[in-house]
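Here is what each chain is made of, one letter per residue.
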Amino acid sequence: MANTEGEKPLRKIAEAFKDLAAVVNSETLELEVGPFSHACSLISPLFGCLGIAFKFAELDYVAKVGDLAEASKSIATLQALVDRDVESNCVRNAGSHTRNLLRVKRGIDMVRVLFEQIIASEGNSLKDPASTAYAQVFAPHHGWAIRKAVAAGMYALPTKAQLLKKLNEDGKCMKPQHGLRWKTI
Ligand code: 1PZ
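For every chain, the first residue of the written sequence is number 1, and numbering continues from 1 along that sequence. Local features are withheld for residues below a pLDDT of 70 in this predicted model, meaning they are given only at 70 or higher, and side-chain atom pairs are given and counted only at 80 or more; totals for whole chains, interfaces and linings count all residues. Values reported for side chains reflect all heavy atoms of the structure, with hydrogen atoms and water molecules removed beforehand.

## Quick word on the site of the ligand
Proximity criterion: a residue is near a molecule or strand once any of its heavy atoms comes within 4 Å of it. Close contacts around the ligand come from 22 residues, with D60, K64, R99, R103 and H142 the closest. Contacts described as polar in this section are N or O atom pairs within 3.5 Å, which, within protein, must combine one atom able to donate a hydrogen with one able to accept it, while residues neighboring in sequence count only if both atoms come from side chains. Here R103 contributes a side-chain N or O atom positioned 3.0 Å from an oxygen atom of the ligand. Contacts to the ligand include H142, whose side-chain N or O atom sits 2.8 Å from an oxygen atom. Coverage of the ligand by the protein amounts to 88% of the 850 Å² it exposes when considered alone. Only DSSP runs of H or I covering at least 4 residues are called helices, and only runs of E covering at least 2 are called strands; the numbering of each starts at the N terminus. Mapped onto the shell around the ligand, the elements with two or more residues apiece are α3 (44-48), α4 (55-71), α6 (97-120), α7 (127-137) and α8 (144-153). No other element matches α6, which puts 6 residues into the shell around the ligand. Residues are grouped as follows: nonpolar covers Ala, Val, Leu, Ile, Met, Phe, Trp, Tyr, Cys and Pro; charged covers Asp, Glu, Lys and Arg; every other residue, Gly included, is treated as polar. In the shell around the ligand, the residues fall into 16 nonpolar, 2 polar and 4 charged. With residues, only the protein chains shown are counted as cover, and all accessible areas are computed by Shrake-Rupley using a 1.4 Å probe.

## Quick notes on the pattern of salt bridges
Between side chains of opposite charge, a pair can form as their charged atoms come close. The working definition used for a salt bridge is a side-chain nitrogen of Lys or Arg within 4 Å of a carboxyl oxygen of Asp or Glu. Tallying each qualifying case throughout the model produces 8 salt bridges. Of the charged contacts, one joins E70 and K73 as a salt bridge, the two residues approaching to 3.1 Å between their closest N and O atoms. For each residue, the accessible area found with a 1.4 Å probe, counting protein chains only, is set against the maximum for its type, and the residue is called buried under 20%, exposed over 50%, and partly exposed in between. When its relative accessible area of 47% is taken as the criterion, E70 is described as partly exposed. Taken together, the shared-partner salt bridges connect K105, D109, R112 and E116 into one network.

## Some thoughts on the side chain of D67
In this structure, D67 sits in helix α4. Lacking a salt bridge, the buried D67 has K64 as its closest oppositely charged neighbour, with an N-O distance of 8.7 Å. Positive residues here are Lys and Arg, negative ones are Asp and Glu, while His and the chain termini are left out of the count.

## A closer look at the nonpolar core
Among buried residues, the Ala, Val, Leu, Ile, Met, Phe, Trp, Tyr and Cys ones that are joined through side-chain atoms within 4.5 Å form a nonpolar core. One finds F36, L46, Y61 and F115 to be the most contacted residues of the largest nonpolar core, which totals 44 residues. At the level of elements, α1 (9-26), α2 (33-41), α3, α4, α5 (78-87), α6 and α7 are the ones that each hand at least two residues to this core. Top element by residues in this core is α6. It accounts for 9 residues. For Y61, the residues in contact, after removing those within four places along its chain, are C40, I43, S44, F47, V104, G107 and I108. Contact definition: two residues touch when any of their heavy atoms are within 4.5 Å.

Now the structure itself:
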């Protein structure tokens with residue numbers, strides 16, 4: 001799925017998470033469920049750029065972010081959300097808000113590590129950065145069948161250049177002297 005002409009999904013994500021970081025770093029304000037789930041929802045368009053193989057990951061992630069968005073209607077902060085589930089002793093239950101929060105948190109960790117790897121790696125392959133990020137973030141928590149399916153899906157990923165083009169980040173409006181490797185691929 002191509003992105004709307006001129007839209008920059010990565011910028012939107014970066015801005016939303018910068019705002020959340022300011023709240024976290026303030027050490028006085030509490031993170032609200034609404035802005036958190038909204039920032040997490042901005043990641044969903046990335047799946048469309050990764051190809052059909054990651055459709056199942058998208059469905060799982062979108063459902064869990066949707067659950068947090070729904071929870072935000074009655075629960076103000078992430079702390080309150082976790083406290084409630086701890087009190088009800090349902091933190092580990094499938095579908096609990098806290099369990100979904102943990103899965104979503106791993107999803108945003110995955111995005112962070114993936115782009116760190118993309119910037120750090122040479123060449124045009126997305127498979128290596130994605131495999132490293134998956135091994136670091138999700139693999140320890142996934143069973144054999146899912147790990148095998150993800151490994152197979154890695155072969156169907158677009159190239160780095162194709163991904164950045166789909167995200168409207170192919171560097172056309174950036175100054176080359178910044179010298180980030182991915183701008184020259
Ligand atoms: C560029 C390469 C991107 C690779 C993305 C790899 C993500 C693979 C995750 C695929 C697993 C989806 C299948 C469902 C797994 C569920 O068993 C678990 C547990 O859920 P529960 O039992 O609590 O209902 N779900 C997860 O582990 C959450 C998976 C979310 C995936 C988000 C990935 C975000 C990455 C975006 C990359 C642009």
